Amino acid sequence: MKQKARLPVKSGYSVFMPTVFQGTMLACYENDYPVVFPSELEAQREIADNQLTRIQQFLDGERDFDDAIVTDEFVLPVKVWPDKSITTEHGRIYGKQA
């Protein structure tokens, strides 16, 4: 008897950031699950909104200038699975945050 292949529920875009020890990591979670945006533009707007928050924190004296103006976040296309986990085009899986 053949098993049916597990298919993704949908496609979307998520925001990631590089780390030294863990490689590429997901930058946005909501209710402990990866945040998936329906379009690349919406994911890019999330990065811009985060950047504006950091700049405002600098203006309020809560953050250093260099920390406020530098962002290393980027957008990747993802597949969303029935358990709300996501995979990148390179096959890396991101699931519920522990």
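The structure under discussion appears in the preceding block.
Conventions and cut-offs
- Residues numbered from 1 in each chain as written.
- Predicted model: local features only at pLDDT ≥ 70, side-chain atom pairs only at ≥ 80, totals over all residues.
- Heavy atoms only, no water.
- Pairing = 2+ DSSP bridges.
- Helix = DSSP H or I, 4+ residues; strand = E, 2+ residues; numbered from the N terminus.
- Buried < 20%, exposed > 50% of the residue type's maximum accessible area, 1.4 Å probe, protein only.
- Salt bridge = Lys/Arg side-chain N within 4 Å of Asp/Glu carboxyl O.
- Phe/Tyr/Trp six-rings, centres within 6.5 Å; stacked < 30°, edge-to-face > 60°.
- Lys NZ or Arg CZ within 6 Å of the ring centre and 35° of its normal.
- Patch = residues over 30% accessible without salt bridge, like charges linked within 9 Å, V, L, I, M, F, W, Y side chains within 5 Å.
- Areas by Shrake-Rupley, 256 points an atom, 1.4 Å probe, with all protein chains shown as cover.

Undergrad: Please explain the sheet that holds strand 2 (residues 23-26) as it appears in this structure.
TA: Note: strands within a sheet are paired through backbone hydrogen bonds, in either parallel or antiparallel orientation. Judged by pairing direction, the sheet is antiparallel, and its five strands sit side by side in the order 2-1-5-6-7 without closing on themselves. This sheet does not close on itself; its edge strands, each paired only once, are strand 2 and strand 7 (93-94). With three bridges connecting them, strand 5 (residues 74-80) and strand 6 (residues 86-88) associate as antiparallel partners. Following the sheet pairing, Val78 is matched in strand 6 by Thr88.

Undergrad: Before we go on, may I ask you to explain the environment of Ser39 in this structure?
TA: Within the secondary structure, Ser39 is located in the loop between strand 4 (33-34) and helix 1 (40-59). The partly exposed category is assigned to Ser39, whose relative accessible area is 24%. For the pair formed by Ser39 and Tyr13, sequence separation is 26 residues and the distance between their alpha carbons is 6.1 Å.

Undergrad: Help me out: how do you make sense of the pattern of salt bridges in this one?
TA: When their charged atoms lie close together, side chains carrying opposite charge are able to pair. Here the structure, examined in full by the defined rule, presents two salt bridges. Residue Glu73 pairs with Arg54 through a salt bridge whose shortest N-O separation is 3.8 Å. Of this pair, Glu73 sits in the loop between helix 2 (65-69) and strand 5 while Arg54 is found in helix 1, placing the two residues 19 residues apart along the sequence. Taking relative accessible area as the criterion, Glu73 reaches 17% and is therefore assigned buried. A salt bridge links Asp67 to Arg63; its shortest N-O distance comes to 2.7 Å. A relative accessible area of 40% places Asp67 in the partly exposed class.

Undergrad: Explanation requested: the packing of aromatic side chains in the structure shown.
TA: Centre-to-centre distance and the angle between the planes together describe a pair of aromatic rings. Under the criterion given, the structure shown has three aromatic pairs. Put simply, the rings of Phe16, Phe74 and Tyr94 pair up and form one aromatic cluster. Across the ring face of Tyr33, the terminal group of Lys84 is positioned such that the distance to the ring centre comes to 4.8 Å.

Undergrad: Hey, could you run me through a nonpolar patch on the surface in this one?
TA: On the surface, a cluster of nonpolar side chains totalling about 530 Å² of accessible area is made up of Ile55, Phe58, Leu59, Phe65, Ile69 and Val70. Broken down by secondary-structure element, the contributors of at least two residues to the nonpolar patch are helix 1 and helix 2. Since its relative accessible area comes to 55%, Val70 is described here as exposed.

Spatial relationships are all this shows, so hold off on functional conclusions.
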